[in-house]
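Secondary and tertiary structure notes
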Amino acid sequence: MDQAITRPMTRIVVVGGGTAGWLSACRIAAATAGSVAVTLVESPDVPSIGVGEGTWPTIRRTLERIGIGETELLRACDGSFKQGTRFDGWATGAADDRYYHPFVPPIDSDPADLPGDRPFAFAACAQPHVCAEDLAPRQPAMPDYAGALNYAYHLDAARLAALLTRHATTHLGVHHVRDHVVSVERAGNGDIAAVATRQSGRIAGDLFLDCSGHRGLLIGETLGVESVDMSPILFNDRALAVQVPVAPDSPIASQTVATAHAAGWLWDIGLPTRRGIGCVYASAFMSDDEAEDVLARYCRRIASDLPSPRRLTFRSAYRTAPWTANCLAIGQSAGFMEPLEASAIVMIELSLDALLDDFPVDPALMSIQARRFNMLARYRWERIVDFLKLHYVLSRREEPYWRAHRDPATMSDRLAEALALWRHRAPSAFDLPMQDELFPAASYRYILWGMGFPAPLPSPVRRAARPDLAGQLRQVEQRGRALAASLPTNRAYLDALRAEQASPAERTA
C-alpha cells in the first residue's frame, strides 16, 4: 500500500564546523543542488585542533564532487601527497625494522613465493619504491585527481576547514551562522525541532547533523545516545603535537611515518612548510613528562628549537546509534579511534555517502533508514578497531605496553579467529564481505607480512591459480623503474605550484 509523504525534507541544520561540519555541508549542498536549504551553526569560540590531517584516497572523489580543484586544495591547505604509511620499529624495535602500507594493492602472492631479500611490500608493489625516493604520485600535466598511482593528501586541518567554509558559502549556498547554541528544542515525538542560538534566535530543521565533536551536543547531551568504549582494546588516550618548520629545499615525504616507542607511537606528516609531529601514548603506561621527552628526542633530529607541544586527550569509542530520531552524528560526535591509519576523515566521507545514497525524503521512513545506517556504522567501527589492533598484537616488542596488547583478552574474538585462519591462507573477501570495506584484504596483507607474521602454509589450489607469478614480479620491478624515471619529487611538484601562485615580485625576491 502506498504511503503518502507527510512532509518533505527541505531543511538540514549542521551544528558544528571544522572538517566534519563543513565537509557535510558541502557534500549535501552539492548533491541536492539547492533543493535543500543547508544551514551550518558554528560557535565563534571553538578553535580548530589543526594539528594536521592524513586522508584516504576517497577524499579525491569527495573533493571533486563538491567542486574544489586539486590545485586549489594543495595551495590553500599547504597540502602534500600521501601514498600510504611507513611503520618504523613496530615489529621488534630494531634499527632495520620498517615496512610500508601503500595505497596500491599487491600482486596476488604470499611471502613464501617472493624473493627473500626484499620486504613484502617492495616485492609485491611498485609504490614503496616511489615513496622511498620522495616522489609525487602524478605529473603536473595530468588532470585533477588523476595519478600514476593511487594517493591521498596530507593537509593542514585548520586551512582545510577554512577552504571548505569559503567554498560552501560562496559557491554552494550554505547559510553560515556564527553563534552559540544555548538550548535544543524537542518535538512531541522526540525529534529535534530546532536549536536556539544566543543572538540569531531559533533555527528549525527537518534533519540535524551533529558535528560538535567529542561533546556530542545533540546526539549525546540532548538525545542521550551512549558510546561503546574501546579503551580496553586500544589503550592510547593522549597525544602531544607540535609543528616543526622545515627548510624550503627539504624533501617532503610521500607517506605518513609512524614510529613506535615504548608505550605508543609517533606520527610524522610532511607538508611543504612544516612537519606535523605527534606522540600518541597510553597514560597507563607512560607519564606526560616521559611522553614529552620521547617527542623532544624525535624532533631534535629535525630542529633544535621546538615549540611547546599541544596536549590532547581522547578516548577510542563510538556511538551505539549515531542516527537517532532526526539527528545524525558525523565526525568525532559519532566516534573516534586513535589516529593510526587516518580513519577520521574517511569515516566522515562514508557516513555522508550512506546518507546521500538513501536520502530521507519522507520522515515517516526515517526510522528504517536510521536502523540500517546504524548497522553499517557499527560494522565499520568494529572493523576499524580490529584493523588498528592488528598493528599491536603482531609486535614482538617486550615493553609492558606491547606485551599487554598481545594479551588475548584485549582483542575481539573475531580478530583472534581471523589470525588463526590467516596462518593457513591469506586475508580475502571471505573475511571482509562488504562492498565498501574501509580496509580491504590487501591492507591486512601489508600489515601481517610487514610485521613478520608467518606466511600461509602451502595450498595446492592457491599455487595452481597463479601460473605467471614470475612475470608479475618482473612487471613490478619494471614499473618501479619507469615511475622513478618519470615522476617529479614532491618538493619540485609542490614548489612549482606555489611559484605559479606567487606574484612576479615574490618570484624574484
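Residues numbered from 1 in each chain as written. Predicted model: local features only at pLDDT ≥ 70, side-chain atom pairs only at ≥ 80, totals over all residues. Heavy atoms only, no water.

**Regarding the nonpolar core**
If you look at the biggest cluster of nonpolar residues, it comprises 139 residues, and the most contacted ones within it are Trp90, Tyr153, Leu209, Leu390 and Leu419. In terms of residue count, the dominant contributor to this core is helix H10 (residues 366–393) (twelve residues). Sequence-distant contacts of Leu419, that is, excluding residues within four places in its chain, are made with Leu390, Val393, Leu394, Met411, Leu448 and Phe453. (Core = buried A, V, L, I, M, F, W, Y, C linked by side-chain atoms within 4.5 Å. Buried < 20%, exposed > 50% of the residue type's maximum accessible area, 1.4 Å probe, protein only. Helix = DSSP H or I, 4+ residues; strand = E, 2+ residues; numbered from the N terminus. Contact = heavy atoms within 4.5 Å.)

**A few points about the state of the cysteines**
A full pass over the atoms with the stated rule returns zero disulfides. Here Cys26 is not cross-linked by a disulfide; its sulfur's nearest cysteine counterpart is in Cys77, at 12 Å. We classify Cys26 as buried; its relative accessible area is 0%. Not engaged in a disulfide, the cysteine Cys279 finds its nearest cysteine sulfur in Cys299; these two sulfurs lie 9.3 Å apart. Given the relative accessible area of 0%, Cys279 is considered buried. (Disulfide = S-S within 2.5 Å.)

**Quick notes on the sheet that holds strand E3 (residues 53–54)**
Here three strands make up an open sheet; going across it, the order is E3-E7-E4 and the pairing antiparallel. On the outer flanks of this sheet lie E3 and strand E4 (80–82), each paired with one strand and no other. As judged from the two bridges shared by E3 and strand E7 (residues 152–155), these two strands associate in the antiparallel manner. Note that in E7 the partner of Gly54 across the bridge is His154. (Pairing = 2+ DSSP bridges.)

**Thoughts on helix H16 (residues 490–501)**
Quick reminder: α-helices carry 3.6 residues per turn. Residues three or four places apart thus point the same way. Between its terminal C-alpha atoms H16 stretches 17 Å, which fits the 16 Å expected from twelve residues at 1.5 Å a residue. All buried positions along H16 are accounted for by Asn490, Arg491, Tyr493, Leu494 and Leu497. Considering only its buried residues, H16 is in contact with helix H3 (70–76) and E4. (Expected span 1.5 Å × (residues − 1).)

**Looking at the layout of surface pockets**
Reported here for the second largest pocket is a volume of approximately 830 Å³. Thr58, Leu350, Arg380, Asp436 and Glu437 are the residues nearest the centre of the second largest pocket, which is lined by 36 residues in total. Of all the secondary-structure elements, those providing two or more residues to the lining of the second largest pocket are helix H1 (18–32), helix H2 (58–66), strand E6 (98–102), helix H9 (343–357), H10 and helix H13 (441–450). A total of seven residues in the lining of the second largest pocket trace back to one element, the largest contributor, which is H9. Classifying every residue of the lining of the second largest pocket by side-chain character gives 20 nonpolar, six polar and ten charged. (1 Å grid on protein atoms, 1.4 Å probe; cavity = no way out; pocket = protein on both sides within 12 Å on 5 of 7 lines; lining within 4 Å. Points joined across faces, edges and corners; volume = space filled by probe spheres on them. Nonpolar A, V, L, I, M, F, W, Y, C, P; charged D, E, K, R; others polar.)

**Observations concerning the pairing of strand E11 (residues 201–204)**
Sheet analysis places strand E10 (residues 192–197) next to E11, joined by four bridges and oriented antiparallel. Bridge pairing in E11 places Thr197 opposite Gly201. The antiparallel pairing of E10 with E11 creates a hairpin that spans three residues between the two strands.

**Section: the packing of H1 against H2**
Relative orientation of the contacting elements H1 and H2 amounts to 55 degrees, with a least axis distance of 9 Å. Considering the angle they form, H1 stands oblique to H2. For the crossing formed where H1 meets H2, the hand is left-handed. For the pair formed by H1 and H2, the contact residues are Leu23, Cys26, Arg27 and Ala30 on the first element and Thr62, Arg65 and Ile66 on the second. Classifying every residue of the contact of H1 with H2 by side-chain character gives four nonpolar, one polar and two charged. (Axes fitted to C-alpha atoms, helices over the stretch in contact; angles between N-to-C directions. Parallel < 35°, antiparallel > 145°, perpendicular 65-115°, else oblique. Left-handed = near helix turned anticlockwise from the far one by under 90°.)

**A closer look at the environment of Pro111**
In this structure, Pro111 sits in the loop between E6 and helix H4 (120–124). Measuring from C-alpha to C-alpha, the distance between Pro111 and Pro454 comes to 8.5 Å, with 343 residues separating the pair along the chain. The residues touching Pro111, leaving out its near neighbours within four places in the chain, are Phe120, Trp449, Ala455 and Pro456.

**Overview of the packing of H2 against H9**
H9 packs onto H2 with a crossing angle of 55 degrees between their chain directions and a minimal axis gap of 10 Å. Our classification of the angle between H2 and H9 gives oblique. When the axes of H2 and H9 are compared, the crossing they make is left-handed. Of H9, the residues touching H2 (which contributes Thr58, Ile59, Arg61, Thr62 and Arg65) are Ile345, Val346, Glu349 and Asp353. A class-by-class count of the residues in the contact of H2 with H9 yields three nonpolar, two polar and four charged.

**Side note on the sheet that holds strand E19 (residues 317–319)**
Whether parallel or antiparallel, the strands of a sheet pair through hydrogen bonds between backbone atoms. The antiparallel open sheet is built from three strands, whose spatial order is E13-E19-E22. Whereas interior strands pair on both sides, the edge strands pair on one side only; in this sheet they are strand E13 (227–229) and strand E22 (335–336). Note: E13 against E19, three bridges, orientation antiparallel. Opposite Ser227, over in E19, you have Arg319 as the bridge partner.

**Comments concerning the pattern of salt bridges**
One pass over the full model with this rule turns up 24 salt bridges. One salt bridge in this structure joins Glu382 and Arg414, with 3.8 Å as the shortest N-O distance. Taken together, the residues span a long stretch of sequence, with Glu382 in helix H10 and Arg414 in helix H12 (residues 413–421) at a distance of 32 residues. Look at Glu382 and you get partly exposed, because its relative accessible area is 30%. Its relative accessible area of 32% is what places Arg414 among the partly exposed residues. Residue Arg425 pairs with Asp431 through a salt bridge whose shortest N-O separation is 2.9 Å. Judged by relative accessible area, Asp431 falls into the buried class, the value being 16%. (Salt bridge = Lys/Arg side-chain N within 4 Å of Asp/Glu carboxyl O.)

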